[in-house]
Every structure is written in structure tokens, then in C-alpha cells.
Amino acid sequence: MDDSPEALAQLLSDAEHAIALTGAGMSTESGIPDFRSAEGMWQRFDPMEVASLQTFLRKPERFWQFHRPRIDMLSAVAPNPAHEAIAELQRRRVLHSLVTQNIDRLHSRAGSTDVIEVHGSLSRGECLQCQAMTTLEELVVKADGAADGVPRCDACGFQLKSGVVMFGESLPAAEISAAYEAAERADVILVVGSSLQVAPVSELPSIVRRRGGKLAILTEGDTPYDSVADVRLRGKAAVQLVETVAALDASQQRN
Ligand SMILES: [Zn+2]
């Protein structure tokens, strides 16, 4: 099989149950810095200091000093053509499940549904003490209204966090099992913009392959699965996915 958007389109249209797994490389074209890349955000901030459970518990004002501008940055960006192409593949029922490591909500904003957000989501606020939930809007109003910049829970007074999973915090159990269930049903997995280095998400391609499923990878950098990928695309996610949708159109016109 050749490594082209046409080959990816063919792989997806032959699948019974194709799923996608997306990571940071999906959103860099929307202007969101990739935390792990050389010029990524964590080169300037120490993640264990600013985005950890420990800092959230011990120094919530330090945590929120970093987190509050990040909410504005993530709210100001827009989905890019790669997000739109993924949403289009879902609408056409070419893609059946979507798992993302991204917390930026850009898949939902591009029209994707049932997004499995394994690293949590910016879309809500949570209380770790009493499990109360708020909307993102309430969270921002509370943070901006507090003298120390720390939003607090109406029910118990504890500091609120956003729905984004912090370093040192466990991943959301329901989302992780949904991701595993999707992989166990899949006969094709398309990886976009994930370097497949962070467990447990990095195990999803193995789960699909163990049952004879196919693997397609679209990233700019290398992944540990490159040598076993059935289709391996490099370059910009937006360009390659838009061409994949065009290739599906072309093959439907031929049939
Ligand atoms: Zn509470």
C-alpha cells in the first residue's frame, strides 16, 4: 500500500469500524503550542510547578496565575481544516469514534460529536472535594472576581479546577474505558498529531493491531509505530486530511 491520502481514504472506506486518535499536532495549526515540541510551552514553564495537582492543592494562586490566561488563549483559537475534515469523516460515518488527547474543545467546535477526551476538557470546572461541576463561564467569572484569582466552589468553598487533567492527577476513568472499548471494536485506527509516547493512549494502536486491524499514522515527527503502520503520512494534518476527504469524494464519483 502506498503512503498517500488516496491510500488512507481507501483504508477508511474499507473499514467496518474506523476510529481516530488525535493529539497536539492536530491543534498546532490552530496556533496552540505543542507542550512537548522543542519550542513548546513546557520549555518556558515547568509543568510540575504550574500545572500539577500538588501546586493546585498547595499554591492554588500560582496554579491559577498560569491557568487563567491559558483559558483565554485556548478560547481565542479556532478549529483548523484538520478538525473540520475529521468532523466531516464522522458525518459521513467513515469514522465511528474519536479519541483525543487534546483539551482544547476544537473537535467539538468543528462539529465532531461524542468526542472521547482522555486528558479531560477545558469545557467545565470541577471541585475535587465535593465533586460539584460548573461551566467554563462560571469558572472564569469566579476566578476574575476573586482577589487572589482562585475560583472557589459554591457548595464547599474548596478551590475549583478546570476539567483539564493536571500532572499527578489520574486520567478520567470513564473516558479511558470508552477509548479502550472503541479500540477493541476497531478494524482501523487513524492516528493524527500524536507522537504515541504517552500511555495509556499510546497502547490503542497495539490493541487494534492485535486483532488484525490496520494502522494509519499522520504526524510530522516520528512515532514508535512507524515501521508497522499500513499507511504513513507526514506533513501538515490539515493538508493531508483535506486531501483524504477529496480522495473519498473522487472514489465515490467513480463508483
Ligand atoms: Zn465543592
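Below is a short write-up of the structure.

Rules of the game
- Residue numbers restart at each chain and count upward from 1, following the sequence in its written direction.
- The predicted origin of the model limits local features to residues at a pLDDT of at least 70 and limits the giving and counting of side-chain atom pairs to 80 or more, whereas totals for whole chains, interfaces and linings rest on all residues.
- Hydrogens and waters are ignored; side-chain quantities use all the structure's heavy atoms.
- Each residue is assigned to one of three classes by its accessible area relative to the maximum for its type, calculated with a 1.4 Å probe on protein chains only: buried under 20%, partly exposed between the two thresholds, exposed over 50%.
- In this text, helices come from DSSP runs of H or I with a minimum length of four residues, and strands from runs of E with a minimum of two, each type numbered from the N-terminal end.
- For two strands to count as paired, DSSP must find a minimum of two bridges between them.
- Angles here are taken between N-to-C directions and fall from 0 to 180 degrees, while the axes themselves are lines fitted to C-alpha atoms, restricted in helices to the stretch in contact.
- Contacts are assigned to residue pairs that have any heavy atoms within 4.5 Å of one another.
- Convention used here: a crossover is right-handed provided that the path from the first strand, over the helix, to the second strand proceeds clockwise when the strands point away from the viewer.
- We call a set of buried Ala, Val, Leu, Ile, Met, Phe, Trp, Tyr and Cys residues a nonpolar core when their side-chain atoms join them within 4.5 Å.
- A helix is expected to reach a length of 1.5 Å times the quantity of its residues less one.

**Some points on the pairing of strand S6 (residues 160-164)**
Alright, step 1. For S6, the buried fraction is high: five of the five residues fall into the buried class.
Alright, step 2. Pairing analysis gives four bridges linking strand S4 (residues 120-127) to S6, with the strands arranged antiparallel. Pairing of Gly125 across the sheet is with Ser162, part of S6.

**Considering the sheet that holds strand S5 (residues 133-135)**
Alright, step 1. Judged by pairing direction, the sheet is antiparallel, and its three strands sit side by side in the order S5-S4-S6 without closing on themselves. Strands at the two margins of the open sheet, each flanked by one partner only, are S5 and S6. Recorded for the sheet is a direction-independent mean angle of 40 degrees between the axes of neighbouring strands.
Alright, step 2. Packing of helix H4 (residues 60-76) onto the sheet brings it into contact with S4 and S6, and relative to S6 it is tilted by some 45 degrees.
Alright, step 3. Against the sheet, helix H7 (residues 136-145) contacts S4, S5 and S6, and its axis sits at roughly 90 degrees relative to S5.

**Regarding the environment of Thr135**
Alright, step 1. Examined against the element boundaries, Thr135 turns out to sit in strand S5.
Alright, step 2. Relative accessible area serves as the criterion here: at 35%, Thr135 is assigned to the partly exposed category.
Alright, step 3. Spatially, the C-alpha atom of Thr135 lies 17 Å from that of Cys156, the residues being 21 residues apart in sequence.
Alright, step 4. Those residues in contact with Thr135 that lie beyond four places of it in its chain are Ser123, Arg124 and Gly125.

**Notes on the pairing of strand S8 (residues 214-218)**
Alright, step 1. Most of S8 is tucked away: four of the five residues are buried.
Alright, step 2. In the sheet, strand S7 (residues 188-192) pairs with S8 via five bridges, with the strands oriented parallel. Within S8, the position partnered with Leu190 by the bridge is Ala216.
Alright, step 3. Following the chain from S7 across helix H9 (residues 204-210) to the adjacent parallel S8, one finds a crossover that is right-handed.
Alright, step 4. In the sheet, S8 pairs with strand S9 (residues 231-233) via three bridges, with the strands oriented parallel. When the sheet's bridge partners are listed, Leu218 is paired in S9 with Leu233.

**Topic: the nonpolar core**
Note on soluble globular proteins: their nonpolar side chains tend to be buried together.
Alright, step 1. The biggest cluster of nonpolar side chains holds 30 residues, and the ones touching the most others in it are Leu8, Leu12, Ile86, Leu89, Val192, Val231 and Leu241.
Alright, step 2. When contributions to this core are tallied by element, the ones reaching two or more residues are helix H1 (5-14), strand S1 (18-22), helix H5 (81-91), S7, S8, S9 and helix H10 (237-254).
Alright, step 3. In terms of residue count, H10 provides more of this core than any other element does, six residues in total.
Alright, step 4. Non-local contacts of Ile86, meaning those with residues more than four positions away in its chain, are made with Ala20, Met26, Leu95, Leu98, His107, Ser112 and Leu241.

**Some details on H10**
Alright, step 1. For H10, which comprises 18 residues, the first-to-last C-alpha distance of 26 Å matches the rise-based estimate of 26 Å (1.5 Å per residue) to within 8%.
Alright, step 2. Along H10, the residues classified as buried are Ala237, Ala238, Gln240, Leu241, Thr244, Val245, Ala247, Leu248 and Ser251.
Alright, step 3. Check the buried side of H10 and you find it contacts H1, H5, S7, S8 and S9.

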